[in-house]
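Geometric and topological summary
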Amino acid sequence: TDNFRCGEGVTVRGRTPEEQVFYNFYSVLMVTYALEILFWPASFVGNIVRFVKKQEMFLRGKEEKEHRIQYMFGFMFRCLQCLSCGKAGGKDFKNKGELKDFAVQFMELANFETNVDFVLSDVYIGLVMLGRDQLEQREAAIQLAVKENNIIRNLVRPQLQVENNSKTEGEDPNASHPHRQKLQKRGSIYILQHQESSTYQVCERHLLLQSNEEDRLLMQDLAYYSRYAQIIYKRVQPLTVEEFGLEDNATHFTRGLDTLFESKYRLSSLDCEHAMLSYACFLNGIVSTPYAILVDTAKEKVVITIRGTISIEDMVVDMQYKPAGLEKVGVICGTDLKGHCCHKGMLARSKWLYNSLRSEKVIKTLYSDESPFKDYGLVVCGHSLGGGCASLLAVMLRPSFPSIRCFAYEPPGGLIDEDLAAKCEDFIVSTVRQDDIVPRLSHQNFDALRDNFFDILARIKVPKIQAFHGTRTPCTGASVKQRNSKILRHQTDIPTDTAFYQQLQKFRSERAEADYEKLYLPGKIVHLLDPGDSRPHIPYYASKHEFDHVAISKTMISDHRCFKLVGFLQNAQLCGGKENSMVSFVCNNSIAIQEEEEEEEEDAESSRFFMWCSNPYGRFPILLTLGASIAVLCSILSVTTCKFFTRSVSVYQSDVGDHSSFKITSVGLFSKGLLDCDKLDQNCTEFDKYTDSPYCIPYSESQLSQNDWLSKAQIFVACQMIFAFVSLLLLCISTCYRIGRSAWIVICFMLLLSTLFQGLVFVAHRDNCGDSVFPIEAPSYSIVTSCDRGRGASSAIAASCFYFMTALGSIYFACKK
């Protein structure tokens, strides 16, 4: 631009710089430097790629698949550790073979030789439909049992009492039943037990009786010691720091052996005023696990409580579920465990616990001849992973403590073999709540779940989107068969010529069958049934075979929570208590409801407005959503138009009493209308020749700064829109999900605020465009302005009415308990 620095108008003599040889040499040199600069990052990236390819996660050989799976799960745990900033543990996890057994079992379960064509949406639809298929099978089993068995038909009616009644034998409707006397002497319940053929069989089980002292004491002990299984999670360690002066990073709480007999370190702040802390270990590794030793002076027991799953190391142990032999353990502990096996990961932790108890010598000191606690009993308890370790530790300690008792709260299902589980019924009690998935976790159960899942996918006969709409609709036992028939084929009608079926057949033919011994829950099992509607749980003695399948339900995860288990056990209703006929209560809950809801559910299915709405509250929320939508549209229309008000001007001449009227412009909230000349030559010299045009322009900054009422109206509009959109969003959610009463109160409150602010918008803008009189310099003349309602004002009034009516409708749900 500057003529190569020679100045304007000066002719450049000789060759320009681009034509000289040094310039060409300089260009080549710059290209060389650029290549050198690019070489280093390229070399660095190449080294990274070569390093990554050598990792086990990317190995492609068939023999390396187990290592790749192991590395991938380990990498996921590492990511979890980083995302939690180390709070989820993982320091002891090295990913150097800890997941090898799990990788092998995962390969046997999934088998990557044949890829089955399904995506994540298929997983959701398949699991939901599998749960509905299980519900249909249960309903069919109940109907068959009611039809064929007279005693169950009578149990449905609220006439049979668990306690002995005053009826004579001739009046008893169950007099001919062979077990009539047993049914009157003890409480019974009929439950559905899953069979290998994916059907259900009605079986009779014993209820825990209020009149039976053994049952009553058992439930009291289960509720009492569940608190110890709960506080070991996250409450004992902070207590030792805050009240007992332990350092924050300490891994053990120890007392001198000579001070164990003193009444110190009570856990009063944890609602365990009768318990004294004797020892606590907070180490958490692949083998080590946190536990505590307590002395309960009220129950006269020494309690060992073991923590459950909470860290990455605990998850790794849970995944090591391959059966391991117990013969060597029996030799060390002094008992015959030849031929028995158990969960490998929990066995390693139980052996560490056994060795830790021996090395710390706390238990030995508490039961020494000089100890005041030498006659106390020994109790071991834990929840989830802690319950499994507690069961195995009780088996190891029983030769030394014959009176030991173990309370395992919701332990993993694949824990010990069937014979050993039966031998443990004298001293181990396991509890399971409703549909908890953890007590049903085993390799065989996952194997069956996988096969049933693929069968369900093969039976779907409608497009995926239609199946998804069907799964979003609530379904009860009354209409489950009819609903399933619209989505699923019968098992015998599966087409065999589809690509998915061919993949499935190839997958099953190549799958390796697991030859592991099946593992079960330990000891005696108390199953807590949830009758719903916030009523007390109902305990009964369950069979270990009832948990041979995974029950798909909405509460399969939440039923495993430990912090709620204490209250459920404390409030559990024993048979023969406040409810005289617990048998009729449970059976009636599963059959009589079906008869009452069958016609109503069919009507709801035929009259639903939208496929995507499940309508938990019926049609009314849809009408409220429609009203709120109309109100929002009217509000948007009133905001976007520049014809909110129409301003008219009249010029009066007082001498003659004559006046001329003409429109000036239209005004809106954010813009105003333009004037247009109605003459053909566009030469207007008088105001009455101008007319209102359809074109709008926004207000200038000076106009906004000089008009306070207009600024206030715009602020009111912003507030009104926020409240309106939030209330509309909540109303849309109410058509798909059952929201709480507090949410309906928020909806009602926001709709009323929307009504208020919409009215304030109208008032503020009306004052901005209000009537006024302006005198002019000409003698006997004055200008009078007035505002008339425009399209925007009418829309604002309609929006206020719809907001208010929708708020009145929402009050019904806000006041409903």
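The shown structure was predicted, so the numbers you read here are calculated from the model rather than taken from an experiment.

Describing the overall build of the protein chain
Helix and strand counts for the protein chain stand at 25 helices and 22 strands. A fraction of 71% describes how many contacts in the protein chain between residues 6 or more apart in sequence connect residues 24 or more apart. With the model as given, the accessible surface of the protein chain reaches about 42,800 Å², and the carbon-plus-sulfur share is 56%.

Overview of the pairing of strand S2 (residues 200-207)
Direction of pairing for strand S1 (residues 188-194) relative to S2: antiparallel, over a ladder of seven bridges. Looking across to S2, one finds that Gln193 is bridged to Gln201. Between the antiparallel neighbours S1 and S2 lie five residues, among them Ser198 with a positive phi of about 65°. Sheet analysis places S2 next to strand S16 (residues 538-542), joined by two bridges and oriented antiparallel. Directly across from Leu207, in S16, lies its bridge partner Tyr540.

Quick word on the nonpolar core
In this structure, Tyr291, Ile293, Ile304, Ile306, Leu366, Leu393 and Leu397 are the most contacted members of the largest nonpolar core, which totals 49 residues. The leading source of residues in this core is helix H13 (residues 385-397), at nine residues. Excluding residues within four positions of it along the chain, Leu393 makes contact with Ile304, Ile306, Ser350, Leu353, Tyr354, Leu357 and Val380. Of all hydrophobic cores here, the second largest spans 38 residues; its members include Val236, Phe253, Ala275 and Leu528.

Remarks on helix H11 (residues 344-360)
Here H11 spans 24 Å end to end across 17 residues, near enough to the 24 Å set by a 1.5 Å rise per residue. Those residues of H11 that sit buried are Gly345, Met346, Leu347, Arg349, Ser350, Leu353, Tyr354, Ser356 and Leu357. Once H11 ends, the next one or two residues include Lys361, with phi positive near 65°.

Section: the packing of helix H15 (residues 443-459) against helix H18 (residues 499-510)
Packed helix pairs are specified by the crossing angle of their axes together with the interaxial distance, meaning the distance between the axes. Direction vectors running N to C along H15 and H18 enclose 165°, while the axes themselves pass 10 Å from each other. By the angle between their axes, H15 is roughly antiparallel relative to H18. In the crossing of H15 with H18, the sense of the turn from one axis to the other is left-handed. Packed against H15, whose contacting residues are Arg450, Asp451, Phe454, Asp455, Leu457 and Ala458, the element H18 presents Phe500, Leu504, Phe507 and Arg508 at the interface. Partitioning the contact of H15 with H18 into residue classes produces six nonpolar, no polar and four charged.

Focus: the pattern of salt bridges
Scanning the model with the defined rule gives 12 salt bridges in all. Note that Lys264 is salt-bridged to Glu262, the shortest N-O span being 3.0 Å. Under the relative-accessibility criterion, Glu262 is labelled partly exposed at 31%. Beyond isolated ion pairs, a larger network of salt bridges with shared partners links Asp221, Lys299 and Arg405.

Thoughts on the confidence of the model for the protein chain
Scored by pLDDT, the protein chain has a mean of 77; 75% of the residues are at 70 or more. Of all helices and strands in the protein chain, the one with the weakest mean pLDDT is helix H20 (residues 582-606) (35), whereas strand S7 (residues 301-306) scores best (96). Contacts from residues 57-62, a stretch scored under 50 in pLDDT, to residues over four places away or in other chains number 12 contacts. Below pLDDT 50 for its whole length, residues 578-613 participates in 66 contacts with residues either more than four positions away or in separate chains.

Looking at the state of the cysteines
For the coordinates displayed, the defined rule picks out zero disulfides. No disulfide involves Cys79; its nearest neighbouring cysteine sulfur is the one of Cys82, lying 6.4 Å away. Cysteine Cys381 shares no disulfide, and the gap to the nearest cysteine sulfur, in Cys406, comes to 7.9 Å. Among the residues examined, Cys381 registers a relative accessible area of 0% and is labelled buried.

A word on the side chain of Asp122
You can see Asp122 is positioned in helix H4 (residues 120-148). Polar side-chain contacts of Asp122 include one of 3.3 Å to the side chain of Lys464. The contact partners of Asp122, leaving out residues within four places of it in the chain, are Phe453, Leu457 and Lys464.

Quick word on the packing of aromatic side chains
Enumeration according to the criterion identifies 20 aromatic pairs in this entry. Geometrically, the ring pair formed by Tyr279 and Tyr291 is tilted, given 5.7 Å between the ring centres and 50° between the ring planes. Within this pair, whereas Tyr279 is found in strand S5 (residues 272-281), its partner Tyr291 is found in strand S6 (residues 291-296), the two being separated by 12 residues in sequence. Accessibility classification places Tyr279 together with Tyr291 in one group, the buried group. On the numbers, 5.5 Å between centres and 55° between planes, the contact of Phe453 with Phe454 is tilted. The burial state of Phe453 is the same as that of Phe454; both residues are buried. One aromatic cluster is present, built from ring pairs that chain together Tyr224, Tyr225, Tyr228 and Phe407.

With respect to unusual backbone geometry
One non-glycine residue, Asp271, lies in positive phi territory at about 60°. Summarising the element assignment, Asp271 is placed in the loop between strand S4 (266-267) and S5. With relative accessibility at 52%, the residue Asp271 sits in the exposed group. The phi dihedral of Gln434 falls on the positive side, at around 45°, and the residue is not glycine. Looking at the element boundaries, Gln434 is found in the loop between strand S13 (428-433) and H15.

A few points about a nonpolar patch on the surface
On the surface, Phe44, Val45, Ile48 and Val49 cluster together into a nonpolar patch covering about 360 Å² of accessible area. Looking at where Val45 falls in the secondary structure, it is placed in helix H1 (residues 21-53).

Describing the pairing of strand S11 (residues 405-409)
Counting buried residues along S11, four of its five residues qualify, which places the element largely inside the surrounding structure. The β-α-β motif built from strand S10 (residues 377-383), the intervening H13 and the parallel element S11 has right-handed crossover chirality. Across four bridges, the pairing between S11 and S13 is parallel. Pairing of Tyr409 across the sheet is with Thr431, part of S13.

Reading the values: rules and limits
- Residues numbered from 1 in each chain as written.
- Predicted model: local features only at pLDDT ≥ 70, side-chain atom pairs only at ≥ 80, totals over all residues.
- Heavy atoms only, no water.
- Helix = DSSP H or I, 4+ residues; strand = E, 2+ residues; numbered from the N terminus.
- Contact = heavy atoms within 4.5 Å.
- Areas by Shrake-Rupley, 256 points an atom, 1.4 Å probe, with all protein chains shown as cover.
- Pairing = 2+ DSSP bridges.
- Core = buried A, V, L, I, M, F, W, Y, C linked by side-chain atoms within 4.5 Å.
- Buried < 20%, exposed > 50% of the residue type's maximum accessible area, 1.4 Å probe, protein only.
- Expected span 1.5 Å × (residues − 1).
- Axes fitted to C-alpha atoms, helices over the stretch in contact; angles between N-to-C directions.
- Parallel < 35°, antiparallel > 145°, perpendicular 65-115°, else oblique.
- Left-handed = near helix turned anticlockwise from the far one by under 90°.
- Nonpolar A, V, L, I, M, F, W, Y, C, P; charged D, E, K, R; others polar.
- Salt bridge = Lys/Arg side-chain N within 4 Å of Asp/Glu carboxyl O.
- pLDDT = per-residue confidence, 0-100.
- Disulfide = S-S within 2.5 Å.
- Polar contact = N/O pair within 3.5 Å; in protein donor to acceptor, adjacent residues only side chain to side chain.
- Phe/Tyr/Trp six-rings, centres within 6.5 Å; stacked < 30°, edge-to-face > 60°.
- Patch = residues over 30% accessible without salt bridge, like charges linked within 9 Å, V, L, I, M, F, W, Y side chains within 5 Å.
- Right-handed = clockwise from strand over helix to strand, strands pointing away.

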